[in-house]
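Residue strings, one per chain:
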Amino acid sequence: MSRSDLALPSSLATRSDLQRVIAEIERIDNSLNSAQIHEQIGHPADDSLTTSKQLADFLQINDIDIKNGDDRSRLLHDARHLKNTAPVIHVTFATSADNNELTKIVDWVRRSVHPMAVLTVGLQPSLIGGVYIRTTNKVFDFSIRSQLADGRHIIKRELEALSGAI
């Protein structure tokens, strides 16, 4: 497994999700390493291992055995590298986006922009509706506020025409 082989599941959409999964891998790594030491000194080890849905999806899509120390070590290294290098797309909504909407956006971004892209999600009620998307070199304003501002001259012209007709 190398960095180029990793894939991100849709459930792992944001940079925060990635940070939480890394923290979970670190916790599991510490727990399994501690269990191994306890076994070596004759204490029974607890084999139960619970993971979040995001980590379970991540492990499944990449076919990784979290109990294998070498796989876990490489995964931790690669996930940390990914956190620092993954393209980040800032998405700002007028209202909170539900998980279904976020999944659709992340799937589209990973198909159209970059397969390892992660999102940072913000909230800005002044957008009225729609979404504002920012990358490192482009801005896409799909907000109602922007559309109203773009149509202001049309509304002004129509009002002037109506006032002249009266």
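Here the structure is a predicted model, which is why all the values come from computation and not from measurement.

Explain the overall build of the protein chain to me, please; I cannot follow it from the model alone.
Counting its regular elements, the protein chain contains six helices and four strands. When the elements of the protein chain are put in sequence order from the N terminus, they spell out α-α-α-β-α-β-β-β-α-α. Across the 166 residues that make up the protein chain, the buried fraction comes to 32%. For the protein chain, long-range pairs separated by at least 24 residues make up 73% of all intrachain contacts whose partners lie at least 6 apart in sequence. If you sum the accessible surface of the protein chain, you get close to 10,600 Å²; carbon and sulfur atoms cover 52% of it.

Would you take a moment to explain the sheet that holds strand 3 (residues 130-134) for this structure?
Strand pairs in the sheet, formed through backbone hydrogen bonds, run parallel or antiparallel to each other. Ordered by their spatial adjacency, four strands build an open sheet running 2-1-3-4, and the pairing between neighbours is mixed. Looking at strand neighbours, the two that pair on one side only are strand 2 (118-123) and strand 4 (139-143), the edges of this open sheet. Geometrically, the sheet is characterised by an average inter-axis angle of 20 degrees between neighbouring strands, direction not taken into account. Here strand 1 (residues 88-93) pairs with strand 2 via six bridges, running parallel. Bridge assignment links T92 to a residue of strand 2, and that residue is G122. Contacting strand 1 and strand 2, helix 4 (residues 99-112) runs over the sheet at an angle of about 140 degrees to strand 2.

Whenever I open this one, the side chain of T14 confuses me. Can you help?
Locating T14 in the fold gives a position in the segment before helix 1 (15-40). T14 gets classed as buried once you look at its relative accessible area, which sits at 11%. Of note is the side chain of T14, whose polar atom sits 3.0 Å from the backbone nitrogen of D17. In this structure, T14 is in contact with L102, V118, L119 and V121, ignoring residues within four places of it in sequence.

How should I be thinking about the pattern of salt bridges in this particular structure?
Opposite charge on two side chains permits pairing when their charged atoms draw close. Taken as a whole and assessed by the stated rule, the structure comprises six salt bridges. Across the salt bridge formed by R20 and D17, the nearest N and O atoms sit 2.3 Å from each other. Placement of the pair is R20 and D17 together in helix 1, with a separation of three residues, close to one helical turn. On the basis of relative accessible area, R20 is assigned to the partly exposed category, the value being 48%. E26 is the salt-bridge partner of R80, the closest N and O atoms lying 2.6 Å from each other. Within this pair, whereas R80 is found in helix 3 (residues 69-85), its partner E26 is found in helix 1, the two being separated by 54 residues in sequence. By relative accessible area, E26 is classed as partly exposed at 28%.

Where do I start with the packing of helix 1 against helix 3 in this structure?
A pair of packed helices is captured by two measures, namely the crossing angle of their axes and the spacing between those axes. The N-to-C vectors of helix 1 and helix 3 enclose an angle of 155 degrees; their axes lie 10 Å apart at closest approach. Classified by the angle their axes make, helix 1 and helix 3 are roughly antiparallel. Two packed elements cross with a definite hand, and for helix 1 against helix 3 that hand is left-handed. Of helix 3, the residues touching helix 1 (which contributes R15, L18, Q19, I22, I25, E26, I28, D29, L32 and N33) are R72, L75, L76, A79, R80, L82, K83 and N84. Residues of the contact of helix 1 with helix 3, tallied by class, amount to nine nonpolar, three polar and six charged.

I keep staring at unusual backbone geometry and nothing clicks. Help me out?
Negative phi characterises most residues that are not glycine, and trans characterises most peptide bonds. Even without a glycine there, the phi angle at D63 is positive, about 50 degrees. Its place among the elements puts D63 in the loop between helix 2 (53-62) and helix 3.

Quick notes on the rules
Residues numbered from 1 in each chain as written. Predicted model: local features only at pLDDT ≥ 70, side-chain atom pairs only at ≥ 80, totals over all residues. Heavy atoms only, no water. Helix = DSSP H or I, 4+ residues; strand = E, 2+ residues; numbered from the N terminus. Buried < 20%, exposed > 50% of the residue type's maximum accessible area, 1.4 Å probe, protein only. Contact = heavy atoms within 4.5 Å. Areas by Shrake-Rupley, 256 points an atom, 1.4 Å probe, with all protein chains shown as cover. Pairing = 2+ DSSP bridges. Axes fitted to C-alpha atoms, helices over the stretch in contact; angles between N-to-C directions. Polar contact = N/O pair within 3.5 Å; in protein donor to acceptor, adjacent residues only side chain to side chain. Salt bridge = Lys/Arg side-chain N within 4 Å of Asp/Glu carboxyl O. Parallel < 35°, antiparallel > 145°, perpendicular 65-115°, else oblique. Left-handed = near helix turned anticlockwise from the far one by under 90°. Nonpolar A, V, L, I, M, F, W, Y, C, P; charged D, E, K, R; others polar.

Read these as layout, nothing more, since geometry by itself doesn't imply function.
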